[in-house]
Amino acid sequence: MRQATVYIDSDALQYNLNRVKQLAPHSQIVSMVKANAYGHGVKDCLAALDATDAFGVACLEEALEIRQLGYSQPITLIEGIFSEDEMQQVIEHKLECLIHQSQQVEWLIQHKQAYNALGLKVWVKLNSGMNRLGFKVTEIIDVIQRLKSEGFRCVLTMHFANADADHPLNEQQKQQFLHVKEACAPILASCCNSAAIYKYPELHFDFVRPGIMLYGASPFADKNVYELDLKPVMTFSAEIIALNQIQQGEFVGYGSSFTASCPSNIAIVSIGYGDGYPRAYLKPNFVAIDEQLVPVIGRVSMDMIAIDVTQVKAELGTKVELWGKHRLVDDVAAANGTIGYELLCRLSNRPIRKVI
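Since this is a predicted model, take the numbers as computed values, not measurements.

Comments concerning the overall build of the protein
At step 1: The number of helices and strands found in the protein is 12 helices and 18 strands.
At step 2: Judged by the C-alpha coordinates and their principal axes, the protein covers about 80 × 45 × 35 Å.
At step 3: Within the protein, the proportion of its 356 residues that are buried is 54%.
At step 4: Long-range pairs, those at least 24 residues apart, make up 65% of the contacts in the protein with a sequence separation of at least 6.
At step 5: For the protein, the exposed area adds up to about 16,000 Å²; of that, 49% sits on carbon and sulfur atoms.
At step 6: On the protein, the mean spot of the 32 positive side-chain charges and the mean spot of the 39 negative ones are 1 Å from each other.

Looking at the UniProt feature "domain: Alanine racemase C-terminal" (unreviewed entry) in the protein
At step 1: Under the present numbering, the feature "domain: Alanine racemase C-terminal" (unreviewed entry) in UniProt falls on residues 233-356.
At step 2: Regarding residues 233-356, the helix share stands at 11% and the strand share at 37%, and the terminal C-alpha atoms are separated by 10 Å.

With respect to the nonpolar core
At step 1: In this structure, Leu147, Tyr277, Ile305, Ile307 and Trp323 are the most contacted members of the largest nonpolar core, which totals 113 residues.
At step 2: Setting aside residues up to four positions removed in sequence, Ile305 forms contacts with Ala267, Ile268, Val269, Ile271, Tyr277, Val287, Val296, Val300 and Leu322.
At step 3: Counting 8 residues, the second-largest nonpolar core is a separate cluster that includes Ile246, Phe258, Ile297 and Ala306.

A closer look at the pattern of salt bridges
At step 1: Under the counting rule described, the total for this entry stands at 12 salt bridges.
At step 2: Residue Glu106 pairs with Arg146 through a salt bridge whose shortest N-O separation is 2.6 Å. Linking Glu106 in helix H6 (residues 102-110) with Arg146 in helix H8 (residues 137-149), this pair joins segments that are 40 residues apart in sequence.
At step 3: With a relative accessible area of 34%, Glu106 lands in the partly exposed category.
At step 4: Here Arg350 ties to Asp303 by a salt bridge, and the two come within 2.8 Å at their closest N and O atoms.

So, the domain arrangement of the protein
At step 1: If you check the domain split of the protein, you get domain 1 (9-220) and domain 2 (232-353).
At step 2: The distance between the C-alpha centroids of domain 1 and domain 2 comes to 37 Å.
At step 3: Domain 1 puts 17 residues into the contact, and the matching count from domain 2 is 10 residues.
At step 4: A buried area of about 1,100 Å², summed over both sides, lies between domain 1 and domain 2, and 61% of it is on carbon and sulfur atoms.
At step 5: The tally of links between domain 1 and domain 2 comes to 1 salt bridge.
At step 6: The interface formed by domain 1 and domain 2 includes 6 residue pairs in polar contact (both at pLDDT 80 or more).
At step 7: Looking at the side of domain 1 that touches domain 2, the elements that each hand over two or more residues are helix H1 (10-23) and helix H2 (34-38).
At step 8: In terms of residue count, H1 provides more of the side of domain 1 that touches domain 2 than any other element does, 3 residues in total.
At step 9: Of the residues assigned to the side of domain 1 that touches domain 2, the class counts are 9 nonpolar, 6 polar and 2 charged.

Conventions adopted
Residue numbers run consecutively from 1 along every chain, following the written order of its sequence. Note on the predicted model: pLDDT of at least 70 is required for a residue's local features to be given, and 80 or more for side-chain atom pairs to be given and counted; whole-chain, interface and lining totals, by contrast, use all residues. To obtain the side-chain values, all non-hydrogen atoms of the structure were included, while hydrogens and water were left out. Labels follow the DSSP assignment, with helices taken as runs of H or I lasting at least four residues and strands as runs of E lasting at least two, numbered in each case from the N terminus. Any residue under 20% of the maximum accessible area for its type is buried, any over 50% is exposed, and the rest in between are partly exposed; the area is computed with a 1.4 Å probe on protein chains only. Pairs of residues are marked as contacts when any of their non-hydrogen atoms sit within 4.5 Å. Residue-level accessible areas treat just the shown protein chains as cover; the underlying method is Shrake-Rupley with a 1.4 Å probe. His residues and chain termini do not enter the charge count, which takes Lys and Arg as positive and Asp and Glu as negative. One atom stands in for each charge, and that atom is NZ of Lys, CZ of Arg, CG of Asp or CD of Glu. UniProt positions are given in the numbering used here, feature names are shortened, and annotations may be inferred rather than shown by experiment. Nine residue types can take part in a nonpolar core, namely buried Ala, Val, Leu, Ile, Met, Phe, Trp, Tyr and Cys, and a core is a set of them joined through side-chain atoms within 4.5 Å. Salt bridge, as used here, is a side-chain nitrogen of Lys or Arg placed within 4 Å of a carboxyl oxygen of Asp or Glu. The start and end points of each domain follow an automatic or database-based domain assignment. The quantity reported as buried area is the accessible area (1.4 Å probe) lost by two parts once they are put together, taken as the sum for both. By the criterion applied in these results, polar contacts are pairs of N or O atoms within 3.5 Å in which, for protein atoms, one can donate a hydrogen and the other can accept it, and in which residues neighboring in sequence qualify only through two side-chain atoms. For this classification, Asp, Glu, Lys and Arg are treated as charged, while Ala, Val, Leu, Ile, Met, Phe, Trp, Tyr, Cys and Pro are nonpolar and the rest, including Gly, are polar.

As C-alpha cells, then:
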C-alpha cells in the first residue's frame, strides 16, 4: 500500500490550546476550525480541542458538521449567514451569527424572538481598514444600538490586516476599535487572531480567536513555532520507493531541470502534487530523514519527488518527513513562495490520515 500519511498529534494540539490559555488567561477562546480545521480534519481535531470555550467556522455547513459530531460549544459563523433561509438551522442548532452587512441585520431582526430566547450572541463586524467585511466606523455604532434596542447581546469584533507585522494600519484599526467599543459600552469585544494574541495582550478583551497557532504553524514570518512555544500538530510523510545512482551530468525528472554536479544517490519518494505537496519552488526545498534535512531535486511530479540521499543512510521503505517537527511547514511554504496556511489547507484526500 502506498504510504503517504498525514499524522495528527492530539497532544500537540492540546498543548497549543493550553498555550493560548497561558497567553490570554482572562479571555474565552474561540478556536478556529474552518476549512476542515485548517486541513487537519475537523473530526480528528475536535476531541483535542474539547476544552475550548467555542468554535469558529466560515459557514453553516462547517457548523452543522460539528453539531453532528456531538459538540455543544457555541459556534460562531464568522461570515454570517448567506440567506435568510439559513436562520432556521441557525436557531435549531444554536449557532451564533456574525453581522457584516445591512441585509443580515434585517434577517436577524425578523427572527429576534427565537434567537434571543436561546441566549445567542450577535457578533458585529467593524471594517476598520481591511476592507473585506464589516460596517465602517461611521455606521457600526447605529447598527449596534439598533440591535441592542431589539434585545440582542452584541460582540464587537474586527480583524487585523497586519497583526503579523509592524504596519501603520495597525494603530488606525486599534484606535477605531477602541472608539467604537467606548461609544457602545457596555459591549463584549474580540479583535485578536493568532498573531494579535502574541502582539497585543492589552487587546485580548472578552474573546480571542486562535487559528494557525493551534495547529503548530507560525503567524509570523520571522518567528518559527518553537520560538513561540508551540508544537507542530501535523506530520506529513511518505516512503522511499526507489533508489538510483546517477553520474555527473545526468538529469533527473521532467524537463531535465536538475543536472548532477557529481556522482549522486537519488531516492524517489511516493508523494507529489496530486497529494497536495507543492510543485513550484522559488528557493531550494528540503525534506527530513532521521531529523537531517535532505534536498528535493528536479521537478515535483503528480505522484513522486526525487531527493538527494548521497549524504544520508536511505533504503527502500525509509520514512521521509515532508513537513512536521523537523522540516517545518512554514519553511516548505517559504520555499514555495506562500504561507503554511495554504499548504495545510490544500492537502488532497489521497494520503492516509492517522491520529496519534
